[in-house]
Amino acid sequence: MLKIIIPTIMLLPVTLLSPPKLLWTNTTAYSLLIASLSLQWLTPTYHPYKNLTQWTGIDQISSPLLTLSCWLLPLMIMASQNHLQHEPIVRKRIFIMTLITIQPFIILAFSTTELMLFYISFEATLIPTLILITRWGNQPERLSAGIYLLFYTLISSLPLLVAILHLHTQTGTLHLMILKLTHPVLTISWTGLLSSLALLTAFMVKAPLYGLHLWLPKAHVEAPIAGSMLLAALLLKLGGYGIMRLTMLMTPISNNLHYPFLTLALWGALMTSSICLRQTDLKSLIAYSSVSHMGLVIAASMIQTHWSFSGAMILMISHGLTSSMLFCLANTNYERTHSRILLLTRGLQPLLPLMATWWLLANLTNMALPPTTNLMAELTIMIALFNWSAFTIILTGIATLLTASYTLFMLLMTQRGVLATHITSIQNSSTREHLLMTLHIIPLLLLILKPELISGIPS
């Protein structure tokens, strides 16, 4: 565990002491090294916990998410190079340091076996994200986006703290492995119901559940590219991971508690998909699409079966890579045309033919085409939900149809159509961008060959 966390923290002096010419090279190479080291967490084992230290341990649910978070740090650094090139060297260092600071907190949040430490690192990721959005965002609206993010997260996570402390007074421990062995304290009573609700709400806002999702499109649209990748690929997964971790403790979950969440998640998947069809803003469209995907994850982790948990796990990983790749593509368009509006950036295929290939690949993975892990995950979740209640197939079916239609709408709007007159000459796509897309898509295509790695089932 420490052999990843300590090198990640030591990236900070690397950023501070690198000569200006080698700043990007050093940080990218070093973080890629850490990412390749973190792949060893994926090795399947029979033990419930690997790499167990006193406070951290890796099991089948957290190892894919940990590897994903290490994998995305070099990609975020690579994606941010272009829009920082005119900044003074001090600001570049501060930007990279903000990205690196968030990493140990995410690793701790995913790997901790103790609820209080989980809460602290869950909240600590908020501060660097807020700095990224409110300092390096593109428009002045970034301040209101930052306030939305801050208050949504803080208001929802205060009940979580109270519920964790209440759990501690009831059981005398917050260690996850001991909590699994104790008798369930959240009984069918008003206290149990309210504390279950408090435990869930913070993660529902982070995930985000439809109805509590208003901060997400704002934050995504205003964040710089690294902030968008971070939010879409890692911070939303903190919500899903928290739900999966804590619903296991809440057995028996109060029978009536998961109905409103399930209803909202599935109805929200349908609603946000139809919102996507009416979007004019490219980044906002991708942000709403991640709300609908995470709705499926929430629904799956609320019914608590083996199938639905493994489906939620696979969907979280594949959605992390897919939406991060879509944000990178939207950013390459934005850097060339300085506009996120779909009508003004249409018809780019004849100008950037290779980028059009990446757009096609990313969109096909987003709409869950075989043979991608997205398809496997969505099918697993739908079967698990259908088994739980046959009525859900109507909602999930319509949501799938709408997902395919808005994805094709996005592809046709950005790549096809008449070329707008104001973008007759734009710069070519660079090798850095192609490498970035390759590093997003290769894990997605390789994981379908061995999905047990990310399915969350002890192999």
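Preceding this section is the structure that the text describes.
Sequence positions are assigned chain by chain, starting from 1 and proceeding in written order. Only residues with pLDDT of 70 or above have their local features reported here, since the model is predicted, and side-chain atom pairs are shown and tallied only from 80 upward, although totals for entire chains, interfaces and linings are computed over all residues. No hydrogens and no water enter the side-chain calculation; it runs on all heavy atoms of the structure.

A. Focus on the side chain of Thr-27. Along the chain, the position of Thr-27 falls in helix α2 (residues 23–38). The contact rule is simple, with two residues in contact once any of their heavy atoms fall within 4.5 Å. Beyond its immediate chain neighbours, meaning those up to four positions away, Thr-27 contacts Leu-11, Val-14, Thr-15, Ile-77 and Ile-96. By definition, any uninterrupted DSSP run of H or I lasting at least four residues is a helix, any uninterrupted run of E lasting at least two residues is a strand, and each is numbered from the N terminus.

B. Seen up close, the packing of helix α13 (residues 282–303) against helix α17 (residues 392–415). Helix axes use the C-alpha atoms of the stretch in contact, all axes being lines fitted to C-alpha atoms, and the angles between their N-to-C directions lie in the range 0 to 180 degrees. Between α13 and α17, the least distance of the axes is 12 Å, while the angle of their chain directions is 160°. Between α13 and α17, the crossing angle belongs to the class labelled roughly antiparallel. Seen along the crossing, α13 lies across α17 with a hand that is left-handed. Contacts from Leu-282, Leu-285, Ile-286, Ser-289, Ser-292, His-293 and Leu-296 in α13 reach Thr-396, Thr-403, Tyr-406, Phe-409, Met-410 and Thr-414 in α17. Small angles under 35 degrees read as roughly parallel and large ones over 145 as roughly antiparallel, with 65 to 115 read as roughly perpendicular and the rest as oblique. Definitions for this section: a left-handed crossing has its near helix turned counterclockwise from the far helix by less than a right angle. A right-handed crossing has that turn clockwise.

C. Region of interest: the packing of aromatic side chains. Side-chain rings of Phe, Tyr and Trp, where Trp is taken by its six-membered ring, are said to pair if the distance between their centres is within 6.5 Å; with planes under 30 degrees apart they count as stacked, over 60 as edge-to-face, and otherwise as tilted. If you walk through the whole model with that rule in mind, you get eight aromatic pairs. For the pair Phe-118 and Phe-203, a centre-to-centre distance of 5.8 Å together with 40° between the ring planes defines the contact as tilted. A residue pair is termed long-range when its members are at least 10 positions apart, and Phe-118 in helix α5 (residues 115–124) and Phe-203 in helix α9 (residues 190–206) qualify at 85 residues. Between Tyr-259 and Trp-388, the aromatic rings sit 6.0 Å apart at their centres with planes inclined by 40°, giving tilted as the arrangement. Pair noted here: Tyr-259 is in helix α12 (residues 258–276) and Trp-388 is in helix α16 (residues 373–388), with a separation of 129 residues, a long-range link. You can call Tyr-259 partly exposed: its relative accessible area is 44%. An aromatic cluster is defined as three or more aromatic residues linked by ring pairs; in this entry it consists of Phe-110, Phe-118, Phe-122, Phe-203 and Tyr-241. The ring of Trp-136 has Arg-135 lying over it, and the distance from NZ or CZ to the ring centre is 4.9 Å. Throughout this description, the term charge over a ring refers to an Arg CZ or Lys NZ atom that lies within 6 Å of the ring centre and within 35 degrees of the ring normal. Over the ring of Tyr-148 we find Lys-218, and its NZ or CZ is 4.8 Å from the ring centre. Only protein chains enter the accessibility calculation, which uses a 1.4 Å probe. A residue is then buried if its area is under 20% of the maximum for its type, exposed if over 50%, and partly exposed in between.

D. View of unusual backbone geometry. A cis amide bond links Ala-207 to the next residue, Pro-208, at an omega of -25°. Mapped onto the elements, Pro-208 comes out in the loop between α9 and α10 (215–222). Cis geometry is found at the peptide bond from Pro-370 to Pro-371, where omega equals 0°. Checked against the element boundaries, Pro-371 lands in the loop between α15 (353–366) and α16. Within the chain, His-338 stands out as a residue other than glycine whose phi angle is a positive 55°. Along the chain, His-338 falls in the loop between α14 (306–337) and α15. Of note in the backbone geometry, Ala-368 takes a positive phi value of approximately 60° without being a glycine. Note on placement: Ala-368 falls in the loop between α15 and α16. On the basis of relative accessibility, which here comes to 10%, the residue Ala-368 falls in the buried class.

E. Region of the structure containing helix α7 (residues 142–171). End to end, α7 covers 43 Å across 30 residues, agreeing with the expected 44 Å (1.5 Å per residue, within 8%). At any given residue, the bend is defined as the angle formed between two axes, one fitted to the seven residues that end at that position and one fitted to the seven that begin there. Residue Ser-157 marks the point of greatest curvature in α7, where the axis turns by about 25°; the proline Pro-159 follows within four residues. Along α7, the positions that sit buried rather than exposed are Ala-145, Gly-146, Leu-149, Thr-153, Ser-156, Ser-157, Leu-160, Ala-163, Ile-164 and Leu-167. Residues of α7 that are buried in the fold lie against α5, α6 (126–136), α8 (176–181), α9, α10 and α11 (225–249). Gly-172 occupies a position one or two residues after α7 and carries a positive phi of about 85°. Helices are assigned an expected span. That span is 1.5 Å times one less than the residue count.

F. Seen up close, the nonpolar core. With 145 residues, the main nonpolar core has Leu-115 and Leu-160 as its most contacted residues. The dominant element in this core, judged by the number of residues it contributes, is α11, at 16 residues. Beyond its immediate sequence surroundings of up to four residues, Leu-115 is in contact with Ile-164, Leu-167, Leu-174, Leu-176, Leu-179, Leu-246 and Leu-249. Throughout this description, the term nonpolar core refers to a set of buried Ala, Val, Leu, Ile, Met, Phe, Trp, Tyr and Cys residues connected via side-chain atoms within 4.5 Å.

G. Just the pattern of salt bridges, in detail. What counts as a salt bridge is simple: a side-chain nitrogen of Lys or Arg found within 4 Å of a carboxyl oxygen of Asp or Glu. Considering all chains together, one arrives at six salt bridges under this definition. A salt bridge links Glu-433 to Arg-336; the shortest N-O distance between them is 3.0 Å. With Glu-433 in helix α18 (residues 431–447) and Arg-336 in helix α14, the pair connects residues that are 97 residues apart, well separated along the chain. Under the relative-accessibility criterion, Glu-433 is labelled buried at 3%. In this structure, the salt-bridge partner of Glu-433 is Arg-432, at a minimum N-O distance of 3.8 Å. Among the charged side chains, a salt-bridge network with shared partners connects Arg-336, Arg-432 and Glu-433.

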